[in-house]
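# Commentary on secondary and tertiary structure
Spelled out from the first residue to the last, the chains are:
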Amino acid sequence: MAAHLSYGRVNLNVLREAVRRELREFLDKCAGSKAIVWDEYLTGPFGLIAQYSLLKEHEVEKMFTLKGSRLPAADVKNIIFFVRPRLELMDIIAENVLSEDRRGPARDFHILFVPRRSLLCEQRLKDLGVLGSFIHREEYSLDLIPFDGDLLSMESESAFRECYLESDQTSLYHAAKGLMTLQALYGTIPQIFGKGECARQVANMMIRMKREFTGSQNSIFPVFDNLLLLDRNVDLLTPLATQLTYEGLIDEIYGIQNSYVKLPPEKFTPKKQGESGKDLPTEAKKLQLNSAEELYAEIRDKNFNAVGSVLSKKAKVISAAFEERHNAKTVGEIKQFVSQLPHMQAARGSLANHTSIAELIKDVTTSEDFFDKLTVEQEFMSGIDTDKINNYIEDCIAQKHPLIKVLRLVCLQSVCNSGLKQKVLDYYKREILQTYGYEHILTLYNLEKAGLLRPQTGGRNNYPTIRKTLRLWMDDVNEQNPTDISYVYSGYAPLSVRLAQLLSRPGWRSIEEVLRILPGPHFEERQPLPTGLQKKRQPGENRVTLIFFLGGVTYAEIAALRFLSQLEDGGTEYVVATTKLMNGASWIESLMEKPV
């Protein structure tokens, strides 16, 4: 059991166990010793479901990464390919299988598609002459992966691109399937709210799937009261801004992958006196970040400016606890101290790690360039000078700063001005292409198609109306003891989270005008429950809302939702699901055209 998945109102271990059971059943079908050949992208998500020990129990002896040419030698009866349904991977698999056939003793081949089988992929294997070599061709529906006690992700890196650039709804279908799995485990969700075109399609798919499974009534008492489906393109602004929570900044600077972060090692080695820097490790320090670690759970959602004081208080508490050993006189007291030692040492190690991470982040956040960039972002978000060419952006292009940084700022300006005047837009495009190369013309086209970088139509800027009605900009933010969600961006309240907050109370009727301005339809659906399963809420008991971000979510938005969940009189606790955990850089990168 993963303890950190069961601390909230919804025990996500139930989902993890269901997924693990399905994996075990498949492995047991392939009797005898096994080698797994992994599509490299899947190893991270699978690591959150099953460690190597579980695979070993089911006779998995070797694991390889899927690569061209021959497989490494392995004395096993079964070779199982775990892959996403991608045509380019089928070519590599065929190469592997054909080279194995030439090698000697016959092996049993199996293929497990994650999350769905694909007729196109099977046809490709047939064309390459290897489809008949596979004894089992099955799918493993790993749609939603539990990351933490209140967080689920599909980790579908191209979902936003597929939906908005390629009009491909595959990831929406997987989202709907994932939600049906959740309802099978946690009961039917009585009310569905949504905003956006993709949200409408996912809700329609769920309703259709429910009709198709009319045979059996779901008799599980519902855990969730509401489901809120939100399109990412309803709020294009939030991911473009720099996140200012502790977890958000770790992700912005180093990138968190499947709850792990890789950090420069030099901050994590205790330097002995008189030692030269020659023997410093070169291997990146890899740390897992989730609420299983007490200190991380406490500081991850705080504004970075509030983290230092928590760490110094913790340091005093821990050193006082270690000092207690001098007061332990009797055998009983010494025994008690020794029993607490492992926990105290873990706390000390955790504090040392987070102090080092905070120092690394501080080196970045105190730099002049970080301050200048943040100032420009905050000016745009509060509505200052969004309609003219920005000097800082000009300087960044002239000095050839990373292209993703420039694109993020230009897109932010465009979104905060409901599109740029044609001459401003043309100027930016010309400067970017001349500085970074004309191959990026396709990237600029993609950003325009996604609505991130576009000309202003109708000459009207709607952003000020949205900003004022939804109170997206707050001038006096208390970063240490916040009273509003705007602390996660030091002034800007994420639009997506504000919509969730207003839905909870007083309801969306109060903001009809803004909902009409924002893209896509808004809707409400009810799913009738069999008698006896209707929930009678106890006085003071909070509602549980599952909020699903279609197209990705940032750690700052998750922090803002956790803040709302913890409010004394909030009335709602949130569980977050998404197609992908992301930040502005990874999002823009997913929309860029790779030079051929």
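Residues numbered from 1 in each chain as written. Predicted model: local features only at pLDDT ≥ 70, side-chain atom pairs only at ≥ 80, totals over all residues. Heavy atoms only, no water.

Within an unreviewed UniProt entry, the label attached to the protein chain reads Vacuolar protein sorting-associated protein 33A, and the organism entered is Chrysochloris asiatica. Check the Sequence similarities (unreviewed entry) section of the UniProt entry for the protein chain; it says "Belongs to the STXBP/unc-18/SEC1 family." (UniProt positions renumbered as here; feature names shortened; annotations may be inferred.)

## Remarks on the sheet that holds strand β4 (residues 108-113)
Ordered in space as β2-β1-β3-β4-β5, the five strands form an open sheet in which the pairing is parallel. In this open sheet, the two strands that pair with only one neighbour each are β2 (60-65) and β5 (134-139). Neighbour to neighbour, the strand axes of the sheet diverge by 20 degrees on average, direction disregarded. Across six bridges, strand β3 (residues 78-83) lies against β4 in parallel orientation. Along β4, the bridge assignment pairs asparagine 78 with aspartate 108. (Pairing = 2+ DSSP bridges. Helix = DSSP H or I, 4+ residues; strand = E, 2+ residues; numbered from the N terminus. Axes fitted to C-alpha atoms, helices over the stretch in contact; angles between N-to-C directions.)

## Some details on the side chain of serine 291
Along the polypeptide, serine 291 turns up in the loop between β12 (285-288) and α10 (294-299). Only 2.4 Å separates the side chain of serine 291 from the side chain of aspartate 148, close enough to count as a polar contact. For serine 291, the contacting residues outside a window of four places in its chain are His4, Tyr7, Asp148, Ala297 and Arg300. (Polar contact = N/O pair within 3.5 Å; in protein donor to acceptor, adjacent residues only side chain to side chain. Contact = heavy atoms within 4.5 Å.)

## Brief notes about the pattern of salt bridges
Enumeration according to the criterion identifies 35 salt bridges in this entry. With its nearest N and O atoms 3.2 Å apart, the salt bridge here joins arginine 9 to glutamate 573. On the criterion of sequence distance, the pair formed by arginine 9 in the segment before α1 (13-29) and glutamate 573 in strand β15 (residues 572-578) is long-range, its members being 564 residues apart. Between glutamate 252 and arginine 408 there is a salt bridge, and its shortest N-O distance comes to 2.9 Å. (Salt bridge = Lys/Arg side-chain N within 4 Å of Asp/Glu carboxyl O.)

## Side note on the packing of aromatic side chains
Applying the stated criterion to the full structure yields 15 aromatic pairs. A centroid spacing of 5.2 Å and a plane angle of 75 degrees characterise the contact between phenylalanine 160 and tryptophan 587, whose relative ring orientation is edge-to-face. Of this pair, phenylalanine 160 sits in helix α6 (residues 159-164) while tryptophan 587 is found in helix α22 (residues 584-591), placing the two residues 427 residues apart along the sequence. We classify tryptophan 587 as buried; its relative accessible area is 2%. (Phe/Tyr/Trp six-rings, centres within 6.5 Å; stacked < 30°, edge-to-face > 60°. Buried < 20%, exposed > 50% of the residue type's maximum accessible area, 1.4 Å probe, protein only.)

## Side note on the sheet that holds strand β6 (residues 145-148)
Across a sheet, paired strands are connected by hydrogen bonds in the backbone, their directions being either parallel or antiparallel. Overall, mixed pairing links the seven strands, which are arranged β6-β7-β15-β14-β9-β8-β13 in an open sheet. Edge positions in the sheet fall to β6 and β13 (522-526), since each of these pairs with one other strand and no more. When strand polarity is set aside, the average angle formed by the axes of neighbouring strands in this sheet is 20 degrees. Inspection of the sheet shows strand β14 (residues 543-550) paired to β15 by seven bridges, in the parallel sense. Bridge pairing in β15 links valine 544 to glutamate 573. In the packing of helix α8 (residues 197-212) onto the sheet, contacts are made with β8 (191-195), β9 (226-231), β13 and β14, and the angle to β9 comes to roughly 140 degrees.

## Concerning helix α21 (residues 555-566)
Residues separated by three or four positions in an α-helix point in the same direction, a consequence of the helix having 3.6 residues per turn. Helix length check: α21 (twelve residues) gives 16 Å between terminal C-alpha atoms against 16 Å at 1.5 Å per residue, within 8%. Across the twelve residues of α21, eleven count as buried, placing the element largely inside the fold. Where α21 is concerned, the buried positions are Tyr555, Ala556, Glu557, Ile558, Ala559, Ala560, Leu561, Arg562, Phe563, Leu564 and Ser565. (Expected span 1.5 Å × (residues − 1).)

## With respect to the nonpolar core
Considering soluble globular proteins, one finds that nonpolar side chains tend to be buried as a cluster. With 168 residues, the main nonpolar core has Phe82, Leu229, Leu452, Leu499 and Phe548 as its most contacted residues. Not counting residues up to four positions away in its chain, the partners in contact with leucine 229 are Leu179, Ile192, Phe193, Gly194, Lys195, Ala199, Val202, Ala203, Phe523, Phe548 and Leu550. (Core = buried A, V, L, I, M, F, W, Y, C linked by side-chain atoms within 4.5 Å.)

## A look at the environment of asparagine 11
Tracing the sequence through the fold places asparagine 11 in the segment before α1. Here the alpha-carbon distance between asparagine 11 and leucine 412, two residues 401 residues apart in the chain, equals 38 Å. If we skip the residues at most four places from it in the chain, asparagine 11 touches Leu5, Ser6 and Tyr186.

## Section: a negative patch on the surface
A surface patch of like charges, here negative, comprises Glu22, Glu25, Asp28, Glu59, Glu61, Asp75 and Glu139. Broken down by element, the residue count for the negative patch peaks at three residues, all from α1. Tracing the chain through its elements places aspartate 75 in the loop between β2 and β3. For aspartate 75, a relative accessible area of 75% translates into the label exposed. (Patch = residues over 30% accessible without salt bridge, like charges linked within 9 Å, V, L, I, M, F, W, Y side chains within 5 Å. Areas by Shrake-Rupley, 256 points an atom, 1.4 Å probe, with all protein chains shown as cover. Lys, Arg positive; Asp, Glu negative; His and termini not counted. Charge placed at Lys NZ, Arg CZ, Asp CG, Glu CD.)

## Some words on the environment of glycine 129
Relative to the helices and strands, glycine 129 resides in the loop between α5 (119-127) and β5. Put simply, glycine 129 and alanine 94 are 35 residues apart on the chain and 7.8 Å apart in space, counted from C-alpha to C-alpha.

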